[in-house]
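Residue-level structure breakdown
The lines below spell out each chain.
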Amino acid sequence: MRLDGRRQSENVEDRRGKGSGKVSLGIIGTIIVGLIIWFSGGNPMEFVSQQISEGSTATTNYTPTPEEQEAKKFAETILAGTEDVWTQVFSQNGKTYKPPRMVLFSGSTTSGCGSASSTTGPFYCPADQTVYIDLSFFDQMKNQLGAGGDFAYAYVIAHEVGHHVQYLLGTLDKVHSRQRQVGEKESNQLSVRLELQADFYAGVWAFYDNNKFNSLEDGDIEEGLNAASQIGDDRLQMESQGYTVPDAFNHGTSAQRTRWLKKGMQTGDISQGDTFSIPYSDL
């Protein structure tokens, strides 16, 4: 990707080397909250134990390598690109875009959605409207999934920002509400629809980003489509257990993820990303 001379987002918090990132309440604060929990009929010892555990997580002296700093700059640049694109797209549709935050962490951290570790992979938390990512995931993509390349990494970030777009449009809340009312199979299918739409939105970002900055180089699109293919549920299940369980899919097959990412890149039309009104078998 051509990224030279582009701005970096200021909506980024760097927690790398800072343990879990949790904030201690102190002894007095812990006692007060513990008493509130006790009066409410809860078990204060569970909370106290959690605070002790959190307080024992020390901040390490962290000095990023040049490669890690480049990865940080890359993530900040891509996030800035999503800010520019979605501000434009929302404005064209009579809406106002509020960018998400991004938290960079190493090992483990906490979010408005609970604790997370590097094994969780990148994710978006609607509770605090933040994208969380351990940048070592890019190395995993390259070395373990065979999905390396700068546009492949950008696609991952743009996909998570796509969930933020869903949050702003109200889609995320509607789907999560519906998921609480249905069985596991239908809930998984709703999750697939969400994820495929986020793939589509990542493609829409790529369409506008390239038009605006001429950012895509030869091979970039192939990198993105390969990444989408490598992280399909069917491929991942087959590699991990030797067979697939379609009812357990929650992100979409390789073919589906590739198809929706490609559709977004080709059309750049947000109105064509409705993954909810078509039959599930046609996704």
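Since we're looking at a predicted model, the values are computed, not measured. (Residues numbered from 1 in each chain as written. Predicted model: local features only at pLDDT ≥ 70, side-chain atom pairs only at ≥ 80, totals over all residues. Heavy atoms only, no water.)

**Focus on the packing of aromatic side chains**
Within a pair of aromatic rings, the relevant descriptors are the distance that separates the centres and the angle that separates the planes. Spelled out, the test is: Under the pairing criterion, centres of Phe, Tyr and Trp rings, with the six-membered ring standing for Trp, must be within 6.5 Å; the plane angle then separates stacked pairs below 30 degrees from edge-to-face pairs above 60, leaving the rest tilted. Three exposure classes are used, based on accessible area relative to the maximum for each residue type with a 1.4 Å probe and protein chains only: buried under 20%, partly exposed in between, and exposed over 50%. Here, over-ring charges are defined by two tests on the NZ atom of lysine or the CZ atom of arginine: distance to the ring centre within 6 Å, and angle to the ring normal within 35 degrees.
Inspection of every chain in the model, using the stated rule, returns 10 aromatic pairs. Arranged with centres 5.2 Å apart and planes meeting at 65°, the rings of phenylalanine 90 and tyrosine 97 form a pair that is edge-to-face. Accessibility classification places phenylalanine 90 together with tyrosine 97 in one group, the buried group. Ring pairing ties together the aromatic residues Trp86, Phe90, Tyr97, Phe200, Tyr201 and Trp260, which thus form one cluster. The cationic tip of arginine 6 hangs over the ring face of phenylalanine 213; the distance from NZ or CZ to the ring centre is 3.8 Å.

**Some points on the pattern of salt bridges**
Note the following rule: The term salt bridge refers to a side-chain nitrogen of Lys or Arg lying within 4 Å of a carboxyl oxygen of Asp or Glu. Numbering of helices and strands runs from the N terminus; a helix is a DSSP stretch of H or I covering at least four residues, while a strand is a stretch of E covering at least two.
In this structure the tally under the stated criterion is nine salt bridges. Here arginine 101 and glutamate 13 are joined by a salt bridge, their closest N and O atoms 2.6 Å apart. Residue arginine 101 is located in strand 2 (residues 101-104), and its partner glutamate 13 is located in strand 1 (residues 12-14); the two are separated by 88 residues in the primary sequence. Given the relative accessible area of 33%, arginine 101 is considered partly exposed. Measuring nitrogen to oxygen at the nearest pair gives 2.6 Å for the salt bridge that ties glutamate 76 to lysine 72. Here glutamate 76 and its partner lysine 72 are both found in helix 3 (residues 66-92), four residues apart, which amounts to about one turn of the helix. Across this residue pair, the class does not change: glutamate 76 and lysine 72 are buried. Bridged by salt links that share partners, the residues Arg7, Glu83 and Asp84 form one connected network.

**Points about the nonpolar core**
The condition is simple: The nonpolar core is taken to be a set of buried Ala, Val, Leu, Ile, Met, Phe, Trp, Tyr and Cys residues, with the residues joined through side-chain atoms within 4.5 Å. Pairs of residues are marked as contacts when any of their non-hydrogen atoms sit within 4.5 Å.
Ranked by size, the top nonpolar core spans 57 residues in total, and within it Trp86, Met102, Met141 and Trp205 carry the most contacts. With sequence-adjacent residues up to four places away left out, tryptophan 86 is seen in contact with Tyr97, Val161, Val165, Tyr201, Val204, Trp205 and Ile270. In this structure, Ala116, Phe123, Cys125 and Tyr132 belong to the second largest nonpolar core, which totals six residues.

**Re the confidence of the model for the protein**
Let me state the cut-off plainly: For every residue, the predictor states its confidence as a pLDDT score lying anywhere from 0 to 100.
Overall, the predicted model of the protein reaches an average pLDDT of 88, with 85% of residues at or above 70. Scored below 50 in pLDDT, residues 21-26 shows 11 contacts in the model against residues more than four places distant or in partner chains.

**A word on the pairing of strand 4 (residues 114-117)**
Short version of the rule: Strands are treated as partners if at least two bridges between them are detected by DSSP.
In terms of strand pairing, strand 3 (residues 108-111) meets strand 4 through four bridges, oriented antiparallel. When the bridges of strand 4 are listed, serine 108 appears paired with serine 117. Hairpin remark: strand 3 followed by strand 4, antiparallel, with two residues in the connecting loop.

**Quick word on the state of the cysteines**
For the record, the criterion: Criterion for a disulfide: a pair of cysteine sulfur atoms at a distance within 2.5 Å.
For the structure shown, the criterion picks out one disulfide. Sulfur-sulfur distance for the disulfide between cysteine 113 and cysteine 125 comes to 2.1 Å. Taking the torsion about the sulfur-sulfur bond, which here is approximately 95°, the covalent link between cysteine 113 and cysteine 125 counts as right-handed. Here cysteine 125 lies in strand 5 (residues 123-125) and cysteine 113 lies in the loop between strand 3 and strand 4, a separation of 12 residues in the sequence.

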